[in-house]
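# Structural features, examined
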Amino acid sequence: MQINVEQCRENDKIKDVISKSGLPIKYIKLLLRISDAIYINAINYNVTIENGLVKILLISSKPDNKKGNFNTISLTNILFRIKDMEKENSDIETKSNVVDGMLQIQIKVMDG
């Protein structure tokens, strides 16, 4: 995933990507909540959405901004929110991968 540094700095730009994704409103609302949680927990991140697959790349915790370094409490808060979202919505599947030392969370929105 290519990192758009400008997008990472402004939560509004990421929210714009989510809002214009073409996903059903239910998923847009869920993703906006996750986006707010990531921002509130002071994590630099990026989002791409293609064909019902949302990729959230968690880059680093602020203020250190060192790629791959995260505050454990902040990261745990985000992962719990994503776990709860998947648990409450059976039409969503999530998976996590490490990409170049960063955490990528994939959220698959199933048709249905």
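This report concerns the structure included in the present document. Note that the structure is a prediction, hence the values are computed from the model and not measured.

Helix and strand counts for the protein stand at 4 helices and 4 strands. For the protein, the α and β elements follow one another from N to C terminus as α-α-α-β-β-α-β-β. Of all 112 residues assigned to the protein, the portion counted as buried reaches 39%.

It is worth spelling out the nonpolar core at this point. The biggest cluster of nonpolar side chains holds 26 residues, and the ones touching the most others in it are Ile38, Val47, Val54, Ile56, Leu58 and Ile107. Only helix H2 (11-19), helix H3 (25-40), strand S1 (43-50), strand S2 (53-61), helix H4 (72-88) and strand S4 (102-109) provide two or more residues apiece to this core. At 7 residues, the largest contribution of residues to this core is made by H3.

The subject of this paragraph is the packing of H3 against H4. Two quantities define a packed helix pair, namely the angle between the helix axes and the distance between the axes. One can describe the packing of H3 onto H4 by two numbers: an axis separation of 10 Å at closest approach and a directional angle of 165 degrees. Taken together, H3 and H4 sit at an angle that is classed as roughly antiparallel. Judged by the twist between their axes, the crossing of H3 over H4 is right-handed. Contacts from Leu30, Ile34, Ala37 and Ile38 in H3 reach Ile78, Arg81, Ile82 and Met85 in H4. Each residue belonging to the contact of H3 with H4 can be placed in one class, and the counts come to 7 nonpolar, no polar and 1 charged.

As summarised here, the arrangement of the 4 strands in space is S1-S2-S4-S3, forming an open sheet in which the pairing is antiparallel. Edge positions in the sheet fall to S1 and strand S3 (92-99), since each of these pairs with one other strand and no more. The mean inter-strand angle of the sheet, taken between neighbouring strand axes irrespective of direction, is 20 degrees. Pairing of S2 with S4, which is carried by 6 bridges, proceeds in the antiparallel orientation. Paired with Leu57 across the bridge in S4 is Gln104. Where H3 meets the sheet, it contacts S1, S2, S3 and S4, and its direction lies at approximately 160 degrees from that of S1.

Turning our attention to the pairing of S2. Across the 9 residues of S2, 7 count as buried, placing the element largely inside the fold. In the sheet, S1 pairs with S2 via 8 bridges, with the strands oriented antiparallel. Across the sheet, the residue bridging to Val47 is Ile56, located in S2. Once S1 ends, the chain turns through 2 residues before running back antiparallel as S2, passing Asn51 with a positive phi of about 50 degrees.

Each value, and the rule that gives it
Residues numbered from 1 in each chain as written. Predicted model: local features only at pLDDT ≥ 70, side-chain atom pairs only at ≥ 80, totals over all residues. Heavy atoms only, no water. Helix = DSSP H or I, 4+ residues; strand = E, 2+ residues; numbered from the N terminus. Buried < 20%, exposed > 50% of the residue type's maximum accessible area, 1.4 Å probe, protein only. Core = buried A, V, L, I, M, F, W, Y, C linked by side-chain atoms within 4.5 Å. Axes fitted to C-alpha atoms, helices over the stretch in contact; angles between N-to-C directions. Parallel < 35°, antiparallel > 145°, perpendicular 65-115°, else oblique. Left-handed = near helix turned anticlockwise from the far one by under 90°. Contact = heavy atoms within 4.5 Å. Nonpolar A, V, L, I, M, F, W, Y, C, P; charged D, E, K, R; others polar. Pairing = 2+ DSSP bridges.

Functional significance is not addressed by these values, which are geometric in nature.
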